Amino acid sequence: MAPLSEPPAAPTHDAAEQRPAAGVDHAAHAARPGAATSSPGDSAPPASAEAPPGSRRVSSGPRGRVVALTGAASFLGRNLIGILEEDPRIARVVAIDIKPPDTGGSKLRLHTVDLTAPASEERVAEVLAAEQVDTLVHLCFLSSPTPATAWAHELESVGTMHLLHGARQASLRKLILWSQTILYGAHPTNPNFLTEKHPLRADAEERFFADKMAAEREFNAFGARSKGTTVTILRTAPILGPTVQNYLTRYLARRLVMTMLGFDPLWQFIHEVDAIAAFKLAIDSDFPGTFNIVGDGVLPLSTIVRLAGRTPFPVLHSAAGPLVSALWAAHAAIAPPSFLRYLRYVCVADGEKAARVMGFRPVYTTREALLDYTNAQRLRDVRLLQETPA
């Protein structure tokens with residue numbers, strides 16, 4: 001998102017973008033089931049207590065439910081595993097990944113599966129059948145763009161096809177997919193708030209967007225053919241908080257933050273705790289369809305940079321594209337040039353459907369999510385300075 005001299009992390013599902021385990025434990029502890037159903041001080045019941053009107057609570061069965069997660073070592077995966085471990089209704093948590101998560105306990109069953117491998121669909125079918133999985137949560141997506149576009153395509157687009165081919169051979173009750181609101185695209189004709197009915201218009205030439213949009217299409221097609229399986233797609237706003245790491249946190253961590261001269265678009269975030277709680281809500285009850293998961297409120301980019309304690313670096317639009325293209329090719333930029341559109345135009349999603357249907361109420365506003373990230377980042381900045389030799 002800015003031409004910054006930071007080499008990209010090694011392409012490992014997004015596990016390379018995580019904080020130490022202590023930070024993960026903090027997020028998992030904070031995001032108890034139902035944590036994102038009311039504002040602080042609100043007397044509304046937690047999500048785990050009573051399902052919203054129109055939803056259907058998933059029965060635990062005589063032996064309890066079995067939930068499987070791909071991308072189990074990612075930020076969302078590790079924190080969800082920590083919460084599911086504490087839920088007495090969950091009998092087993094099945095991790096499907098190429099590396100083990102560090103938050104598993106006695107309920108965790110790890111199966112090493114590389115979704116980019118041609119034989120992975122047979123392996124997925126074996127795991128789902130052997131573990132008697134009733135709910136599959138697909139989180140195996142990159143949270144930040146990578147220059148390794150061919151590998152990313154195999155992981156996200158082809159990997160999703162392999163996963164769904166394997167899932168067709170199992171008797172799943174529910175499929176849940178992680179998607180992102182940035183897939184709506186930043187355009188001058190966008191309304192102030194984009195609903196789930198709006199088309200996904202992100203740059204189809206950019207693999208980071210195209211592969212995730214392809215995964216959504218695959219899930220929707222699966223849902224249309226498999227009438228007995230509930231398919232839920234959660235499109236989260238950019239995730240921000242004290243422990244998550246992605247392209248956005250790296251963008252705001254720099255001393256000089258690139259902006260576009262003459263543009264000040266509105267942005268929104270979802271706090272990491274609220275994002276995790278939304279997935280727990282979708283696991284607990286049946287909510288077929290697509291939902292925007294966003295924090296309340298929006299902020300102009302200029303205000304975001306100021307609250308983060310950074311200095312804006314305005315660049316002419318005509319110069320920004322070639323500059324970021326060169327830096328991205330040299331592996332010295334946080335994101336490719338296609339992300340520059342988000343520095344010019346609005347891409348803000350409407351969370352009304354998630355509130356009405358799922359009963360999802362974020363605890364943190366966009367501003368509070370930013371401030372929580374900023375407070376943690378300032379502590380990291382100080383520690384970094386203290387460790388730097390004079």
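Structural data are supplied above this passage.
Residues numbered from 1 in each chain as written. Predicted model: local features only at pLDDT ≥ 70, side-chain atom pairs only at ≥ 80, totals over all residues. Heavy atoms only, no water.

Peer 1: An account of the overall build of the chain is requested, with residue identities and associated values reported.
Peer 2: A tally of helices and strands in the chain yields 11 helices and 15 strands. Taking all 390 residues of the chain together, the buried fraction comes to 58%. Looking at the chain alone, contacts between residues at least 24 apart form 79% of all its contacts between residues at least 6 apart. For the chain, the accessible surface area stands at approximately 15,400 Å², while carbon and sulfur atoms represent 57% of it. (Helix = DSSP H or I, 4+ residues; strand = E, 2+ residues; numbered from the N terminus. Buried < 20%, exposed > 50% of the residue type's maximum accessible area, 1.4 Å probe, protein only. Contact = heavy atoms within 4.5 Å. Areas by Shrake-Rupley, 256 points an atom, 1.4 Å probe, with all protein chains shown as cover.)

Peer 1: Run through the pattern of salt bridges, naming residues and quoting values.
Peer 2: Summed over the entire model, instances satisfying the criterion amount to 16 salt bridges. Its salt-bridge partner being Arg65, residue Asp134 comes within 3.3 Å of it at the nearest N-O pair. With Asp134 in the loop between helix 3 (120–131) and strand 5 (135–138) and Arg65 in strand 2 (residues 65–70), this pair connects stretches of sequence that are 69 residues apart. When sorted by exposure, Asp134 lands in the same class as Arg65, which is buried. The residue Asp87 makes a salt bridge to Lys280 at a minimum N-O spacing of 2.8 Å. Remark: Lys280 occurs in helix 7 (residues 272–284) and Asp87 occurs in the loop between helix 2 (75–86) and strand 3 (90–97); sequence separation between them is 193 residues. Using a relative accessible area of 5% as the deciding quantity, one classes Asp87 as buried. Several salt bridges share partner residues, and in doing so they unite Asp87, Arg89, Lys280 and Asp284 into one network. (Salt bridge = Lys/Arg side-chain N within 4 Å of Asp/Glu carboxyl O.)

Peer 1: Residue-level account of the nonpolar core, with values.
Peer 2: Membership of the largest hydrophobic core comes to 103 residues, with the highest contact counts inside it found for Leu128 and Met358. In terms of residues, this core owes the most to one element, helix 7, which gives seven residues. (Core = buried A, V, L, I, M, F, W, Y, C linked by side-chain atoms within 4.5 Å.)

Peer 1: Any chance you could break down the side chain of Thr103 for me, citing the residues and the numbers?
Peer 2: Checked against the element boundaries, Thr103 lands in the loop between strand 3 and strand 4 (108–112). A distance of 2.6 Å separates a polar side-chain atom of Thr103 from the backbone oxygen of Arg78. (Polar contact = N/O pair within 3.5 Å; in protein donor to acceptor, adjacent residues only side chain to side chain.)

Peer 1: Give me the lowdown on the sheet that holds strand 2, citing residues and values where you can.
Peer 2: Here seven strands make up an open sheet; going across it, the order is 4-3-2-5-6-7-13 and the pairing parallel. The open sheet has two free edges, formed respectively by strand 4 and strand 13 (289–293), since each of these has just one partner strand. Strand-to-strand twist across the sheet, computed as the mean angle between neighbouring axes with direction ignored, equals 20 degrees. Inspection of the sheet shows strand 2 paired to strand 5 by four bridges, in the parallel sense. Along strand 5, the bridge assignment pairs Ala68 with Leu136. (Pairing = 2+ DSSP bridges. Axes fitted to C-alpha atoms, helices over the stretch in contact; angles between N-to-C directions.)

Peer 1: Talk me through the packing of helix 3 against helix 4 (residues 149–167); I want residue IDs and the actual numbers.
Peer 2: At a minimum axis distance of 7 Å, the contact between helix 3 and helix 4 shows a crossing angle of 45 degrees. Comparing their axes, helix 4 and helix 3 come out oblique. Considering only the axes of helix 3 and helix 4, their crossing is right-handed. For the pair formed by helix 3 and helix 4, the contact residues are Ser120, Glu121, Val124, Ala125 and Leu128 on the first element and His162, Leu163, His165, Gly166 and Ala167 on the second. (Parallel < 35°, antiparallel > 145°, perpendicular 65-115°, else oblique. Left-handed = near helix turned anticlockwise from the far one by under 90°.)

Peer 1: A description of the packing of aromatic side chains should follow, citing residues and the corresponding values.
Peer 2: A complete count under the given rule lists 10 aromatic pairs for this structure. Geometrically, the ring pair formed by Tyr251 and Trp267 is tilted, given 5.9 Å between the ring centres and 40 degrees between the ring planes. Note that Tyr251 is positioned in helix 6 (residues 247–253) and Trp267 in strand 10 (residues 266–267), a separation of 16 residues in sequence. Judged on exposure class, the residue Tyr251 and its partner Trp267 are both buried. Members of the aromatic cluster, connected to one another through ring pairs, are Phe208, Phe209, Tyr247, Phe339 and Tyr342. The ring centre of Phe208 lies 3.6 Å from the NZ or CZ of Lys212, which sits over that ring. Directly above the aromatic system of Phe291 lies the positively charged group of Lys353, at a separation of 4.8 Å from the ring centroid. (Phe/Tyr/Trp six-rings, centres within 6.5 Å; stacked < 30°, edge-to-face > 60°. Lys NZ or Arg CZ within 6 Å of the ring centre and 35° of its normal.)

Peer 1: Which residues make up the environment of Leu183, and what are the values?
Peer 2: Structurally, the position occupied by Leu183 is in the loop between strand 6 (174–180) and helix 5 (207–225). Taking the relative accessible area as the measure of exposure, Leu183 reaches 0% and is therefore buried. A sequence separation of 54 residues divides Leu183 from Ala237, and the C-alpha atoms of the two residues are 9.9 Å apart.

Peer 1: Got a sec to walk through helix 9 (residues 317–329)? Specific residues and values, please.
Peer 2: Relative to the 18 Å expected for 13 residues at 1.5 Å per residue, helix 9 spans 19 Å between its end C-alpha atoms, a close match to the ideal helical length. Among all positions in helix 9, only Ala320, Val324 and Trp328 are buried. All buried residues of helix 9 lie within an arc of 50 degrees about the axis, which places them on one face of the element. Exposed residues pointing more than 90 degrees away from the buried face of helix 9 are listed as Ser318, Pro322 and Ala329. Its buried side turned inward, helix 9 meets strand 9 (256–260) and strand 15 (311–315). Just downstream of helix 9 lies His331, where phi reads positive at about 60 degrees. (Expected span 1.5 Å × (residues − 1). Arc of directions from axis to C-beta.)

Peer 1: So what's going on with the environment of His317? Residues and values would help.
Peer 2: Within the fold, His317 resides in helix 9. For His317, a relative accessible area of 41% corresponds to the partly exposed category. Along the backbone, His317 and Met260 are 57 residues apart, and their C-alpha atoms lie at a distance of 6.2 Å. Look past the residues within four positions of His317 in its chain and what remains in contact with it is Met260 and Arg344.

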